[in-house]
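# Observations on chain architecture
Below are the chains, spelled out letter by letter.
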Amino acid sequence: MLPEGRTFEEIAARFRWEVPERFNIARGCIDRHARERPDATALIEEATDGAVRRWSFGELRRLSLRFANLLAEAGIGWGDRVAILLGQRVETLLAHLAAYRLGAVALPLFTLFGPEALAFRLADSGARALVTDASGFATVGALRAELPALERIWTVETAEPPAEPLWPALERAAERDPTLDTAAEDPALLIYTSGTTGQPKGALHAHRVLLGHLPGVQLPQELFPQPGDRFWTPADWAWIGGLLDVLLPSLWFGVPVVAGRARKFDPEAAVAFMARHGVRNIFVPPTALRLLRRAGVRPRAAGVALRSIGTGGERLGEETRLWAEEAFGCPVDEFYGQTEANLVVASCRALFQPRPGAMGRPVPGHVVAVLDREGRPLSPGETGVIGVKRPDPVMFLGYWNRPEATAAKFHGDWMLTGDLGRTDPDGYFTYLGREDDVINSAGYRIGPAEIEDCLMRHPAVALCAVVGVPDPVRGERVKAWIVPQPDVVADAALAAAIQAFVKERLAAHEYPREIAFTDSLPVTATGKVRRAELRACDAAGHGFSPPFSDPQGADRQGTGQCHAGTGSSL
């Protein structure tokens with residue numbers, strides 16, 4: 001946790017990690033609050049029919065003890081993987097807590113995943129148990145022949161054998177405490193990377209990962225917690241952003257979490273949800289903020305009264321930040337990290353002013369730098385790969401069954417993120433894009449993020465993505481895929497105007513020489529644009545259409561169809 005201090009510099013100078021040798025996430029999040037204030041609200045859950053249920057810390061402790069005993073009776077124990085294929089609901093949290101208590105490893109899975117994505121992750125992890133709903137069971141049930149390690153399946157709804165109804169089983173389970181005295185370094189959580197640049201890899205995290213996240217939650221949520229705070233995110237709890245940026249840290253601090261079961265982000269519904277439940281703090285990916293802006297929502301007029309907004313997962317952009325701060329009437333703080341080492345850079349308006357284009361400064365306790373190809377820190381203004389230095393409590397233990405990939409992730413004690421960035425003399429970090437997404441055009445190395453930020457400032461642009469495509473003269477040329485604002489005529493004249501807009505504001509070699517208009521963009525379940533798919537569509541000479549399915553079958557949001565011939569190529 002962050003120490004007291006009037007300035008960011010004071011806080012950073014006083015900060016010291018306090019990670020005990022023995023630590024268990026379930027005890028840290030639930031048990032200590034259940035002893036001190038068992039009736040305090042921990043979770044506010046709204047079901048799809050609108051019914052609202054409040055769960056206290058005492059209830060969550062009793063039910064998670066029963067769940068842990070249910071798993072133990074089924075032979076699930078130390079190191080076994082427990083897959084959780086559910087959205088935002090109480091059973092998701094209970095499954096996590098039960099696994100942590102037994103020293104098992106929780107494996108969160110997106111409900112948006114298709115059969116190939118689920119089969120890959122369940123088989124690769126060797127999961128022995130699964131907790132899901134009827135829809136998830138219908139998908140996984142057809143895969144059982146491919147999953148010999150999967151022995152038990154519990155469903156939160158009625159399902160046919162071999163699935164077992166969860167709640168009747170919990171009613172019969174014992175309530176004794178089976179929680180192990182786990183070490184902080186013991187494995188607790190297996191989260192697969194999004195697979196934007198290749199086959200997904202399972203990042204294995206220890207119990208200490210929760211403690212490592214706390215300062216990175218406090219900063220972008222404006223010195224969280226404060227009296228009256230109530231946290232919500234539209235992000236799925238299967239993503240590290242939903243689980244470790246919101247759910248578990250909130251419970252650690254004793255702050256109520258609001259849960260909703262919407263499978264798709266709807267701007268108007270999200271605003272009504274926040275107003276209905278008195279949400280004070282949110283984590284929302286930049287894509288969702290752009291969708292809110294495109295929908296023309298008026299949150300404060302609808303009764304939304306936020307204290308803080310944290311955002312991360314991709315570059316935010318100054319135009320989106322300014323709109324969100326005006327629309328919601330509170331600071332919008334960006335943060336940065338990845339599945340392997342999350343929340344290591346952040347902004348905090350209460351402590352220092354943000355700078356346009358920058359995502360913040362290193363969170364106290366984390367050593368972050370921009371490195372050259374030899375792993376040496378670069379000077380301010382120089383472009384290189386962002387690295388995080390070990391040891392660090394937020395850092396992963398390694399990739400599941402992939403020692404070679406784990407070794408390749410490091411250069412000495414530096415974990416290489418694969419993201420390009422630079423710093424300024426005051427230590428602010430700017431994200432420039434994935435190293436894999438850098439465009440090499442006529443001898444220039446161009447990061448897509450800065451161009452995308454500029455494009456988003458054009459009034460006709462709602463969403464965009466920039467990629468490099470083959471060019472016989474330049475090697476690669478810059479191509480922009482653009483989702484126009486509603487009622488905008490997407491034609492060659494607009495494309496030319498957008499090109500001129502960028503050319504006037506950035507270097508001449510950075511403007512998009514080709515523009516394609518589309519209804520939506522292919523994104524991962526965590527909201528990141530799949531630029532590899534856009535490059536593949538360009539190579540094939542056509543647009544994209546639903547479903548957006550990656551090689552592992554992860555269905556992605558968006559239902560766009562490229563409008564061929566409406567771009568401009570110069």
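Above this note sits the structure.
A few points on the structure. (Residues numbered from 1 in each chain as written. Predicted model: local features only at pLDDT ≥ 70, side-chain atom pairs only at ≥ 80, totals over all residues. Heavy atoms only, no water.)

### As for the environment of Arg-373
If you trace the backbone, Arg-373 turns up in the loop between strand 17 (368–371) and strand 18 (384–389). Taking C-alpha positions, Arg-373 is 7.7 Å from Gly-384, a pair spaced 11 residues apart along the chain. Leave out the neighbours within four places in its chain, and Arg-373 touches His-411, Glu-435 and Arg-445. (Helix = DSSP H or I, 4+ residues; strand = E, 2+ residues; numbered from the N terminus. Contact = heavy atoms within 4.5 Å.)

### Re helix 5 (residues 115–125)
Inspection of helix 5 places Ala-117, Leu-118, Ala-119, Phe-120, Arg-121, Leu-122 and Ser-125 among the buried residues, and these make up the whole buried set. At its buried positions, helix 5 is contacted by strand 3 (81–85), strand 4 (105–108), helix 6 (134–141) and strand 8 (187–192). Gly-126 occupies a position one or two residues after helix 5 and carries a positive phi of about 65°. (Buried < 20%, exposed > 50% of the residue type's maximum accessible area, 1.4 Å probe, protein only.)

### Overview of unusual backbone geometry
The omega torsion of the bond from Pro-161 to Pro-162 falls at 10°, within 30 degrees of zero and hence cis. For Pro-162, the location among the structural elements is in the loop between strand 6 (152–155) and strand 7 (164–165). Cis geometry is adopted by the peptide bond preceding Pro-391, which originates at Arg-390 and carries an omega value of 0°. Here Pro-391 lies in the loop between strand 18 and strand 19 (398–399). Of note in the backbone geometry, Glu-222 takes a positive phi value of approximately 55° without being a glycine. Structurally, the position occupied by Glu-222 is in the loop between helix 8 (209–218) and strand 10 (231–232). Although it is not a glycine, Asn-401 adopts a positive phi angle of roughly 55°.

### Notes on the pattern of salt bridges
In total, this model carries 37 salt bridges according to the counting rule given. Across the pair Glu-314 and Arg-290 runs a salt bridge whose closest N-O atoms are separated by 3.7 Å. Here the residue Glu-314 occupies a position in the loop between strand 13 (308–311) and helix 12 (318–328), and Arg-290 occupies one in helix 11 (residues 286–295), the gap between them amounting to 24 residues. With a closest N to O distance of 2.7 Å, Asp-426 and Arg-355 form a salt bridge. (Salt bridge = Lys/Arg side-chain N within 4 Å of Asp/Glu carboxyl O.)

### What about the packing of helix 2 (residues 25–36) against helix 4 (residues 90–102)?
Between helix 2 and helix 4, whose axes approach to 8 Å, the crossing angle comes to 125°. What the angle tells us is that helix 2 and helix 4 run oblique. Helix-helix and strand crossings are classified by hand; for helix 2 and helix 4 the assignment is left-handed. Across from Ile-25, Ala-26, Ile-30 and Asp-31 in helix 2, the residues of helix 4 making contact are Leu-97, Tyr-100 and Arg-101. (Axes fitted to C-alpha atoms, helices over the stretch in contact; angles between N-to-C directions. Parallel < 35°, antiparallel > 145°, perpendicular 65-115°, else oblique. Left-handed = near helix turned anticlockwise from the far one by under 90°.)

### Overview of the pairing of strand 15 (residues 341–346)
Side chains on a regular strand alternate between the two faces of the sheet. Most of strand 15 is tucked away: 6 of the 6 residues are buried. Inspection of the sheet shows strand 14 (residues 332–338) paired to strand 15 by 3 bridges, in the antiparallel sense. Looking across to strand 15, one finds that Tyr-336 is bridged to Val-345. In sequence, strand 14 turns back onto strand 15 through a hairpin of 2 residues. Of the strand pairs in this sheet, strand 15 and strand 16 (residues 361–362) are connected by 2 bridges, and their pairing is antiparallel. The residue bridging Val-345 from the neighbouring strand is Pro-362, located in strand 16. (Pairing = 2+ DSSP bridges.)

### Examining the side chain of Ser-56
Inspection of the secondary structure assignment puts Ser-56 in strand 2 (residues 52–56). Looking at Ser-56, the relative accessible area reads 10%, which means it is buried. A polar contact of 3.2 Å, which involves the side chain of Ser-56, links it to the backbone oxygen of Pro-38. Not counting residues within four places of it along the chain, the set of residues in contact with Ser-56 comprises Pro-38, Asp-39, Ala-40, Thr-41 and Ala-42. (Polar contact = N/O pair within 3.5 Å; in protein donor to acceptor, adjacent residues only side chain to side chain.)

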